[in-house]
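Take a look at the letters that make up each chain.
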Amino acid sequence: MTTTGKVRVATIWLSGCSGCHMSFLDQDERLIDLAQKIQLVYSPIADIKQFPENVDVTLIEGALANEEQLAMLKTARARSKILISLGDCAVTGNVTALRNAWHRSDQEVLERAYLDKSDLNPQRPDQVPKLLVKARPLHEAVKVDFFIPGCPPSADLINYVLTELLAGRTPNMEGRSKYG
Amino acid sequence: MSIGTVKLKIDGVEVTVPEGTMILKAAKDNGIIIPTLCSLEGLTAYGGCRICLVEISGSPKLFPACITSVSTGMAVTTNSEKLKEYRKMAVQMLLAERTHICSVCVADEHCELQDMANQLGVDHVMFERNWSRDEIDSTHDFLVIDRNRCILCTRCIRVCDQIEGVHTLDLKLRGKDSQVIMDLDEHWANSCSCTSCRKCAKVCPVGAIYIEGEPIGHTKRKDIAEFILTRRNRK
């Protein structure tokens, strides 16, 4: 917590469709209450370049799919007190992990997406980070403290978890969580 | 004690059931539901899913309730922290064994494996997954099998053999490599024994066997075996 008394919250967007962030925004007017209590220190919806130090809660959307994301995830883990997997891609791999069952190299995966399946202007991507062999859920790489499932998770569920954490309680996911 | 019955304790409650009754049935008849995935009323027991494991006092082992018969003086525990942990582990192993991606599965929200995960509070899988790429057979007019979603419960095989009486379906290979096959490993369209009765799709607990173009909530019918047997036995 900062001297302003606000809880420092970050959100990260890895390999996902941004639907989980849309659901975060779907908290609607509850965001106004939330804004009294939190400071958004890093997020795709805030223009901040570097992941800061001393973050209280980090919510991460998306599966872990390339080396840049792995480095980002490790940084976030090291600098956050509580790390939360937000949504099915982060929790299970979900749609991002569909390529895993194909069992091909990163180059073949990229060629399939950007050359074979391209409708317009097919070109080999040469500036994207190297793909990991498999798209993975976050907890296979770092310790994850809470899992918010759903594709996307409901705004109510996200709000519940944040409200409980802000009140200093441990969210009770029993009966609230749905696998996959 | 009258002849042919057995007295035992299930979760501290004394119950009397016919000799030879399996613990799962004895518990159910006395209002205690033990969770399970492979067992189905009307079919023979298989003991494959390991979700119905129970503790029996005096033994350090866990016993599958569906294939362990009652005995006099037995004290069974069907619900404990230890059992919950083992059941959660079994569900996670099933989720890790093949390629289960709920959001692209026909059975999403109508899936017994998913329900079981929710019931037991499995919110993530701690094991590394295999990402199987097994054969999908959609050659039949309307029945489809996606073996990547199969949990090898063998309900389809048992209903095909024991209720429909044709034994089109069976298993090949062993362990995690096991595959449900038609006849002598034919494509479904080439199966000469399949009567296209749909019972396999009705009892499949997951999205492995389904009917093309039909909402899965409409297809599933867990009571089909028991229902048919009851009707047949009516005099």
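Here the structure is shown first, and the text comes after it.
What comes next is a walk through the structure. Treat the numbers as computed from the prediction; the structure is a model and nothing was measured.

## Some remarks on the overall build of chain B
Helix and strand counts for chain B stand at 7 helices and 10 strands. Its C-alpha atoms give chain B a radius of gyration of 19 Å, near enough to 18 Å, the size a compact globule of 235 residues would have. Over its C-alpha atoms, taken along the principal directions, chain B stretches across nearly 55 × 50 × 30 Å. Within chain B, residue pairs in contact and separated by at least 24 positions form 62% of the contacts whose partners lie at least 6 positions apart.

## Re the overall build of chain A
A tally of regular secondary structure across chain A gives 6 helices and 7 strands. Ordered by position in the sequence, the α and β elements of chain A form the string β-α-α-β-β-β-α-β-α-α-β-β-α. Since a compact globule built from 180 residues should have a radius of gyration of about 16 Å, the 17 Å found for chain A is in line with a globular shape. Reported as C-alpha extents along the three principal axes, the dimensions of chain A are approximately 50 × 35 × 30 Å. Counting over 180 residues, chain A shows a buried share of 37%.

## Side note on the nonpolar core
Residues Ile-60 of chain A together with Cys-156 of chain B are the most contacted members of the largest nonpolar core, which totals 101 residues. Sorting elements by how many residues they give to this core places helix α6 (residues 155-166) of chain A first, with 5 residues. Mapping this core onto the domain boundaries places at least three of its residues in each of domain 1 (5-79) and domain 2 (126-233) of chain B. Those residues in contact with Cys-156 of chain B, other than ones at most four positions away along the chain, are Leu-169, Val-180, Cys-200, Val-203, Cys-204 and Ile-209 of chain B.

## Details of the environment of Lys-49 of chain A
Here Lys-49 of chain A is to be found in the loop between β2 (38-42) and β3 (55-61). C-alpha separation for the pair Lys-49 of chain A and Glu-174 of chain A, spaced 125 residues apart in sequence, amounts to 37 Å.

## Looking at helix α2 (residues 81-97) of chain B
Three- or four-residue spacings in an α-helix give side chains the same orientation, since the helix completes a turn every 3.6 residues. Residues and elements named next belong to chain B. Its 17 residues give α2 an end-to-end C-alpha distance of 24 Å, which sits within 8% of 24 Å, the value for a rise of 1.5 Å per residue. Residues of α2 that are buried: Arg-87, Ala-90, Val-91, Leu-94 and Leu-95. Each buried residue of α2 sits inside an arc of 135 degrees when the element is viewed along its axis, so together they form one side. For α2, the exposed residues lying more than 90 degrees away from the buried face are Glu-81, Lys-82 and Glu-85. Where α2 is buried, its residues touch β3 (53-56) and α3 (112-120).

## Notes on unusual backbone geometry
A cis amide bond links Cys-151 of chain A to the next residue, Pro-152 of chain A, at an omega of -5 degrees. Relative to the assigned elements, Pro-152 of chain A resides in the loop between β7 (146-148) and α6. For His-167 of chain B, which is not a glycine, the phi torsion comes out positive at approximately 55 degrees. In this structure, His-167 of chain B sits in the loop between α4 (155-162) and β8 (169-172). Positive phi outside glycine occurs at Asp-185 of chain B, with the angle close to 65 degrees. In this structure, Asp-185 of chain B sits in the loop between β9 (179-182) and α5 (199-203).

## Here we look at the pairing of β3 of chain B
The side chains of a regular strand alternate between both faces of the sheet. Residue and element names in this part refer to chain B. Sheet topology note: the β3/strand β4 (residues 62-64) ladder contains 3 bridges and is antiparallel. Across the sheet, residue Val-54 finds its bridge partner in β4, namely Phe-63. Adjacent in sequence and paired antiparallel, β3 and β4 are bridged by 5 residues, among which Gly-58 carries a positive phi angle near 95 degrees. Examined bridge by bridge, β3 and strand β5 (residues 75-77) share 2 bridges and lie antiparallel to one another.

## Structural notes on the interface of chain A and chain B
Reports often express the size of an interface as the amount of accessible area lost when the parts come together. Listed by partner, the interface residues are 22 residues for chain A and 19 residues for chain B. The greatest single-element share of the side of chain A that touches chain B, amounting to 3 residues, is contributed by helix α4 (residues 88-92) of chain A.

## What about the sheet that holds strand β6 (residues 136-137) of chain B?
Whether parallel or antiparallel, the strands of a sheet pair through hydrogen bonds between backbone atoms. All names here are of chain B. In space, the 3 strands of this open sheet follow the order β6-β7-β10, with antiparallel pairing throughout. Two strands in the sheet have a free side with no partner beyond their single neighbour: β6 and β10 (209-211). As paired elements, β6 and strand β7 (residues 143-146) share 2 bridges and run antiparallel to each other. Paired with Asp-137 across the two strands is Ile-145, which belongs to β7.

## Quick word on the sheet that holds β2 of chain A
All names here are of chain A. Here we have 5 strands laid out as an open sheet, ordered β2-β1-β3-β5-β7, and parallel in their pairing. Looking at which strands have only one partner, the edges of the open sheet turn out to be β2 and β7. Between one strand axis and the next, the sheet turns by 25 degrees as a mean value, whatever way the strands run. Relative to β2, strand β1 (residues 7-13) is paired through 4 bridges, and the arrangement is parallel. Looking at the pairing, Ala-10 lines up with Tyr-42 of β2. Set on the sheet, helix α3 (residues 67-79) makes contact with β1, β3 and β5 (80-86); between it and β5 the angle comes to about 135 degrees. Together, β1, β3, β5 and β7 form the strand contacts of α6, whose direction differs from that of β7 by roughly 155 degrees.

What counts as what
Residues numbered from 1 in each chain as written. Chains lettered and ligands numbered in written order. Predicted model: local features only at pLDDT ≥ 70, side-chain atom pairs only at ≥ 80, totals over all residues. Helix = DSSP H or I, 4+ residues; strand = E, 2+ residues; numbered from the N terminus. Rg over C-alpha atoms; globule rule 2.2 N^0.38 Å. Contact = placed C-beta atoms within 7 Å. Buried ≥ 20, exposed ≤ 12 C-beta atoms within 10 Å, placed from the backbone. Core = buried A, V, L, I, M, F, W, Y, C linked by C-beta atoms within 7 Å. Domains from an automatic or database assignment. Expected span 1.5 Å × (residues − 1). Arc of directions from axis to C-beta. Pairing = 2+ DSSP bridges. Axes fitted to C-alpha atoms, helices over the stretch in contact; angles between N-to-C directions.

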